[in-house]
Amino acid sequence: MTDIKKTDRPAETPPAGPEAIRAVPVRHYGRYVAAVVALGILGLLIWAFAGGDINWGAIPDYFFNDRILTGVRETLLLTVLSMLIGIVGGIVLAVMRLSKNPVTSSIAWFYIWFFRGTPVLVQLFVWFNLGFVFEYINLGPIYKDEWSDFMTPFLTALLGLGLNEAAYMAEICRAGLLAVDEGQTEAAHALGMSHSKTLRRIVIPQAMRVIVPPTGNEVINMLKTTSLVAAVQYYELLRFAQDIGTTSGATVEMLFLAAAWYLILTSILSVGQYYIERYYARGSSRQLPPTPWQRVRTHLTSLSSRKGVAA
């Protein structure tokens, strides 16, 4: 046999890789135009109000006035009490609406239909003027008095806002209860838990994740809706601001002052709503997104570490 000599082949050069693609971002000229137009409109508004006949110095002079602070306190009190009536009534109405009893479910449906279908201001006026229909309120041995003495402006505002809010909260609570899987209820009943105990221990805690966000919006909306009770002679923030504006001659300035207080209060409520939503979202996501303060602290830490490395 003859030996076949293998000749050394030259090493093959690897094929050249693909040329790097240079990505050129798409230029959105419409965004620049929209930004310029928005800034222009904002500048025109600032210029218009700056040149208007407005006594801006009256706003800080009355910002912490005793009557204004009293109005803020009454506004917050009315908001809290009205929301308590609305939340409790909404939970009861939601349970009645989901009941298999046709009588209770029909009553709840009619209540929601009526109070959601009529304006809040109309309901306030109805409560305020019921004295023309009923001269006395007679609850037997419990209570009896003239209607005008019984239906004070505060009670009118409380009933008008609270009962109206209960209709909206009923639909919010009903949506939250329906969001819980039926298997949870069936498992609780299989363990021998009653219907009411199942609602308290199983269904409602899980439904809170769905109920809390719209409820927070309702609280903020209620805070602003309290300004309507000035029409039934109840003194809150807007009514006090209007009276001060009438006596001082700074009518528009006091309206701006009231708007500033509403913005402050709604901002505080928005922060509270954010953290309550995070609390009830713990079971739905493994890792919650960082809070704004945590993001700021992370950025400050990264900046300080970069400065240390540069030094």
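Note that the structure is predicted; figures quoted are calculated from it, not measured. (Residues numbered from 1 in each chain as written. Predicted model: local features only at pLDDT ≥ 70, side-chain atom pairs only at ≥ 80, totals over all residues. Heavy atoms only, no water.)

Thoughts on the nonpolar core
Of all hydrophobic cores here, the largest spans 21 residues; its most connected members are L78, L161, L177 and V229. It is helix α7 (residues 153-179) that provides the largest number of residues to this core, a total of seven residues. If near-sequence neighbours (up to four positions away) are discounted, L177 is found in contact with A94, L98, L199, V203, I204 and A207. (Core = buried A, V, L, I, M, F, W, Y, C linked by side-chain atoms within 4.5 Å. Buried < 20%, exposed > 50% of the residue type's maximum accessible area, 1.4 Å probe, protein only. Helix = DSSP H or I, 4+ residues; strand = E, 2+ residues; numbered from the N terminus. Contact = heavy atoms within 4.5 Å.)

A closer look at the environment of M208
Checked against the element boundaries, M208 lands in helix α9 (residues 195-225). As for M208 and C173, which are separated by 35 residues in sequence, their C-alpha atoms are 8.5 Å apart. If sequence neighbours within four positions are ignored, M208 has contacts with P213 and Y280.

Some points on the side chain of E171
The topology assignment puts E171 in helix α7. Within polar-contact distance, the side chain of E171 engages the side chain of R174 at 3.0 Å. Among all residues touching E171, those that are not within four sequence positions of it are R97, I112 and R116. (Polar contact = N/O pair within 3.5 Å; in protein donor to acceptor, adjacent residues only side chain to side chain.)

Regarding unusual backbone geometry
Residue Q233 is not a glycine yet carries a positive backbone phi of 65 degrees. Assignment of secondary structure puts Q233 in the loop between α9 and α10 (237-248). We classify Q233 as partly exposed; its relative accessible area is 49%.

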